[in-house]
Amino acid sequence: MTAAASYGIPDESQPLPAQVQDLIVGTGPSGSVIASHLQRAGRQVVLLEEGPARVTEQFSKMTPSDVFGSMYRTLGGFPVLGGPETPPMVLVMARCKGGGTVVNGAVCYRTDEDVVDGWRKTLGLQHLTRELWRGYERAERRIGVTSMAELHSAAAIKARGGAQRLGWAHHDVHRNTPGCKGSGRCLTGCPNEAKQSMLLTYLKDAEALGATVYPDTQVTKLTGDFGKVRSVKGKRAGKAFEIKAERVFLACGAVFSPFLLLRSGIKHLRAIGRHLTIHPSTRAYYLYDDKVNAWEGAFQSFAIHQFRKEGIHLINLSPPPLVFGASLPALGAQLRTMLKQLPHMGVMGGLISDESEGRVFATPFDGFPAVQYTMTAADRAKLLRTIGLLGDLGFASGAREVYLPFNWRPAVKNHDQLHAQISSKVAAHDFEITAQHPLGTCRMGYDEDLSVVREDGRVHGYDNLYVVDSSVIPTSIGVNPMLTILAVAEVIGQSLVA
Ligand SMILES: Cc1cc2nc3c(=O)[nH]c(=O)nc-3n(C[C@H](O)[C@H](O)[C@H](O)COP(=O)(O)OP(=O)(O)OC[C@H]3O[C@@H](n4cnc5c(N)ncnc54)[C@H](O)[C@@H]3O)c2cc1C
Ligand code: SF4
């Protein structure tokens, strides 16, 4: 048995119930917040989670490939279908008890007020947009949002110096990692119990009050009639099951919640699966003369907000050497050279607020939707601008060479080479892009042509079916979304028990 497989043994020790009051599918931030509210209100809550349950003690023993093999969806890269003008990209999604909060970067941002105001004006979300700020306060308190000002890696300090020289507005990042030891291992699960994932906060609260979580349990279909869901069907360790539920809450994330609706034949609303935004992300690597050991510091600690109004957000990354090495945009001899230089390299990332939209489609395969996303010319231009800014920052921070996220291109050594590479014809397939933030596929709103759920998360036309996760966030928000997902779930949770 491989090491990865030994971490993938399903836990079948608890028999599944035949009937429950409130059944939540998915245990990420959204499912966990809803569970804590419902359980506190005295409901009988059961959560089903497709991925495995892992605990802190395991994180220090698991290799990155164990984690990516068992706790991420499709080894950490779910394919996105694009057209010829769309860079090839993958969606990075978690698949484990606690969802994305266990393996994410823990960066916490509130969505800018003008974006939230747009939801009020265009989608009529009066209640959400009024209550969201209280939702943020509750979520920030519960997950321990703290400044990373004291935990910058040497690479982050160099990047900050570059931003100061350029006069760009910047800030210390806040994360839900009080007591962070700066080990940079966030993406493979925090071994120090610093990251306040759902395993240590909302989900733990719900379990302490009596909620039951069944990991390794995949829901494949909802049954019932139009307007009322009767049960969920699924698979656990290869065996079929069915659980009847008074209410069903989908918290599978913005790819898998719409997929489950569509696979169950729930397609009366045009917006189900549409309006997918993903925050396409890119990065640049900086080579310095002196050692910076980028992985010695908080995984992310420093960001630049100078370009937020343009929809560009820049933030540092301090990945551990194995993850760092695997992410380099090179092959063969160039990759070997870069690997030798790793202690001298820093990396800055940039994400864009996307106007492009994608769509989730049903397929005949359990757990395998088709995801399509077509990038507009304006978003491609915004990505190029982001890459140019990352290059400028690299040189301003003292880098000797900058590697841009284009396949098959040499490092650039000065501004002329930087701008020559940016302005040369960069084909869509030359970009290195990833995305970790799918949103919007079951939008909240009142117009049934444009949205899927009401402000309490209930699906239009249904009495007892809810979507409560990242799918309901109506638009791209331009910053990391976990805190907003938690705050929105706080608002929905409050309205469910009011
Ligand atoms: C590597 C990485 C780094 C990130 N870094 C940050 C960051 O620093 N800051 C930030 O704000 N955001 C970050 N994010 C994004 C953030 O974690 C997600 O936006 C957030 O977790 C989404 O919450 P959710 O509840 O909608 O879904 P998820 O967290 O994706 O949880 C959904 C859960 O549902 C389960 N599920 C799906 N389908 C089924 C089914 N059919 N049956 C049973 N279970 C099912 C999945 O296995 C999963 O565990 C990151 C994400 C990743 C992957
Ligand atoms: S940097 Fe290390 S200690 Fe800090 S939250 Fe990440 S994994 Fe935990």
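Here, the structure is the one placed above.
Please read all numbers here as calculations on a predicted model, not as lab measurements.

### Digging into the site of ligand 2
So, point 1. For ligand 2, the set of nearby residues contains 15 residues, the closest of which are Thr177, Cys180, Ser183, Cys186 and Cys190.
So, point 2. Here the shell around ligand 2 is composed, by residue class, of seven nonpolar, five polar and three charged.
So, point 3. A domain split of the shell around ligand 2 shows at least three residues from each of domain 1 (3-69 + 93-146 + 189-268 + 441-497) and domain 2 (149-186 + 276-435).

### So, the nonpolar core
So, point 1. Of all hydrophobic cores here, the largest spans 157 residues; its most connected members are Leu23, Ile34 and Val488.
So, point 2. The residue makeup of this core includes at least three contributed by each of domain 1 (3-69 + 93-146 + 189-268 + 441-497) and domain 2 (149-186 + 276-435).
So, point 3. Aside from chain neighbours lying at most four places away, what touches valine 488 is Leu128, Leu132, Gly135, Val472 and Ile473.

### What about the packing of helix H13 (residues 377-396) against helix H14 (residues 415-423)?
So, point 1. Following both chains from N to C, one finds H13 and H14 inclined at 170°, their axes separated by 10 Å at the closest point. One way to sum up the angle between H13 and H14 is to call them roughly antiparallel. Counting all contacts with H13, which are made through Leu384, Ile387, Gly388, Gly391 and Phe395, the residues of H14 involved are His415, Leu418 and Ile422.
So, point 2. The residue makeup of the contact of H13 with H14, split by class, is five nonpolar, three polar and no charged.

### Describing the site of ligand 1
So, point 1. Taken together, the neighbourhood of ligand 1 is formed by 41 residues, with Gly26, Gly28, Gly99, Gly100 and Gly105 sitting nearest.
So, point 2. For the shell around ligand 1, the per-class residue count stands at 20 nonpolar, 17 polar and four charged.

### Side note on the packing of helix H8 (residues 154-166) against H13
So, point 1. Where H8 contacts H13, the two axes come as close as 7 Å, and the packing angle between them is 100°. Viewed along their axes, H8 and H13 adopt a mutual orientation that is roughly perpendicular. Contacts between H8 and H13 involve Ala159, Gly162, Ala163, Arg165 and Leu166 from the former and Asp392, Leu393 and Ala396 from the latter.
So, point 2. When grouped by side-chain class, the residues that make up the contact of H8 with H13 number five nonpolar, one polar and two charged.

### Quick notes on the pairing of strand E12 (residues 281-287)
So, point 1. Of all seven residues making up E12, seven are buried, and the element is well covered by its neighbours.
So, point 2. The alternating pattern of E12 places Ser281, Arg283, Tyr285 and Leu287 on one face and Thr282, Ala284 and Tyr286 on the opposite face, and all of these are buried.
So, point 3. Two elements, E12 and strand E15 (residues 345-352), share seven bridges in a ladder whose sense is antiparallel. Residue pairing for E15: tyrosine 285 is matched across the bridge by valine 347.

About the thresholds
- Residues numbered from 1 in each chain as written.
- Chains lettered and ligands numbered in written order.
- Predicted model: local features only at pLDDT ≥ 70, side-chain atom pairs only at ≥ 80, totals over all residues.
- Near = placed C-beta within 6 Å.
- Nonpolar A, V, L, I, M, F, W, Y, C, P; charged D, E, K, R; others polar.
- Domains from an automatic or database assignment.
- Core = buried A, V, L, I, M, F, W, Y, C linked by C-beta atoms within 7 Å.
- Buried ≥ 20, exposed ≤ 12 C-beta atoms within 10 Å, placed from the backbone.
- Contact = placed C-beta atoms within 7 Å.
- Axes fitted to C-alpha atoms, helices over the stretch in contact; angles between N-to-C directions.
- Helix = DSSP H or I, 4+ residues; strand = E, 2+ residues; numbered from the N terminus.
- Parallel < 35°, antiparallel > 145°, perpendicular 65-115°, else oblique.
- Pairing = 2+ DSSP bridges.

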